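An overview of the molecular structure
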Amino acid sequence: MRLLHTSDWHLGAADGERSLNEDQRFFIDEIIRIIEREKVDAVLIAGDVYDRSVASAEAIRLYDDAVTRICGDLGVPVCIIAGNHDGPERLSTCSGLLSWVGLHIAGALTRSPQVVSFDDAEIFLLPWITEEKVKSVFPEERDAVSGIEDAYRVAVNRMRAAFTPGKRHILIAHAFITNAETSTSDRAAEIGFAMQVPVSVFDGFDYVALGHIHKPQDVSPTVRYSGTPMPFSFGREEGQEKSVTIVDTQTMSRRIVPVPLLHRRTTITGTFSEVLHPTCSESERNGYVRAVVTDSYLGLEALSELRRVYPNLLEANGRTFESESGSVTMTVQELERLADDPVSVFRYFCREELDVSPDERLTGLFEKAMASAEGVQA
Ligand SMILES: [Mn+2]
């Protein structure tokens, strides 16, 4: 059978105040097109379906639409595990009932392995776990578990003991494997070494479909991160091609199928004049842009000039007065918010143009002047 492995959809994610719903709707359509074109028999989503444990209404609509089309319209089963961003109970609402129609969801760890059986393959579902979770589900193992690696060994050993001989054994998991390469949007990766597990905990499976790390990569010949279907950060993720992985359980060969993006992500660096006259492609200019201006301070006028060139500008970074070499990053929303609050504009002006931080007396005088100007207008 042909399995499509994807992960980290982070439905409901935003960049600052910019909603990414449109981008997420776009990649869902693309993935559905790939499922049809590649004649996929089952879809594996390896955690972080949602960006937050209490998902927004719009995020739930996206999810509902995606699984209804895949499971319902196409009749292709979907196996989902909860990642660290998902609310396990919310994600797995009615999971017993939904498995009747081919939507298999593992929200929280259970004592007996959660497994979906197909003709030639068994798919084991291991949701995001912590050391404490494993100790509470398997109290008899309490003394044997010290650290996350032990916790994984306990959970995965139960699965290996349940293998049906003669079938392929596939695992879906959401974990930080030692030496995996991270991106800026891998927030959980910052938790550090205590959360990392060696790849050897997954020995014995024919394929491990991982989620959690956003860059697509092989961790071992049988263990792979599919990566996210779209970039969520500037920096290292800008150059990554996003994709899904298709695994053939007969040959255990796999193919990486690129997922096109609605908006690319690009950092444009240069003097203000260079940034205003970019040499980048149209798709980069019209995508999500971070402008890094090396020779001037950015105010509202500069921002509106930048926006004329970059319709989807998300971040602007300019020089600061505080130190000669320093720079200050502001999201577009922060700069826009300045426009709604005259006192903030005044403070910004004093800092940027006069190199002083206005004290209370000065801001008080400004407010008085504002009030009297408004009085004149009224
Ligand atoms: Mn995660």
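Conventions and cut-offs
Residues numbered from 1 in each chain as written. Predicted model: local features only at pLDDT ≥ 70, side-chain atom pairs only at ≥ 80, totals over all residues. Heavy atoms only, no water. Helix = DSSP H or I, 4+ residues; strand = E, 2+ residues; numbered from the N terminus. Buried < 20%, exposed > 50% of the residue type's maximum accessible area, 1.4 Å probe, protein only. Contact = heavy atoms within 4.5 Å. Areas by Shrake-Rupley, 256 points an atom, 1.4 Å probe, with all protein chains shown as cover. Lys, Arg positive; Asp, Glu negative; His and termini not counted. Charge placed at Lys NZ, Arg CZ, Asp CG, Glu CD. Salt bridge = Lys/Arg side-chain N within 4 Å of Asp/Glu carboxyl O.

1. Brief notes about the overall build of the chain
- Helices and strands together make up the secondary structure of the chain, namely 12 helices and 20 strands.
- Counting only C-alpha atoms and orienting by the principal axes, one finds that the chain spans roughly 85 × 50 × 40 Å.
- The 378 residues of the chain split such that 50% are buried.
- Sequence-distant contacts in the chain: of pairs separated by 6 or more residues, those separated by 24 or more amount to 66%.
- Surface accessibility of the chain: about 17,500 Å² in total, with carbon and sulfur atoms responsible for 51%.
- Here the chain holds 38 positive side-chain charges and 58 negative ones, and the gap between their average locations is 3 Å.

2. Considerations on unusual backbone geometry
- Positioned with a positive phi, Asp-8 is a non-glycine residue whose angle comes to about 50°.
- Tracing the backbone shows Asp-8 in the loop between strand S1 (2-6) and strand S2 (14-15).
- Non-glycine residue His-212 carries a positive phi angle of around 125°.
- Locating His-212 in the fold gives a position in the loop between strand S12 (207-211) and strand S13 (217-220).

3. Remarks on the pattern of salt bridges
- Across all of its chains, the model carries 22 salt bridges by this definition.
- Across the salt bridge formed by Glu-140 and Arg-158, the nearest N and O atoms sit 3.1 Å from each other. Taken together, the positions of Glu-140 in the loop between helix H5 (131-137) and helix H6 (148-161) and Arg-158 in helix H6 put the pair 18 residues apart, joining distant regions of the chain.
- Judged by relative accessible area, Arg-158 falls into the partly exposed class, the value being 26%.
- Between Arg-290 and Glu-238 there is a salt bridge, and its shortest N-O distance comes to 3.9 Å. With Arg-290 in strand S18 (residues 288-293) and Glu-238 in the loop between strand S14 (223-225) and strand S15 (243-248), this residue pair connects regions lying 52 residues apart in the sequence.
- Within this structure, Arg-2, Arg-37, Glu-38 and Arg-255 form a network of salt bridges that share partners.

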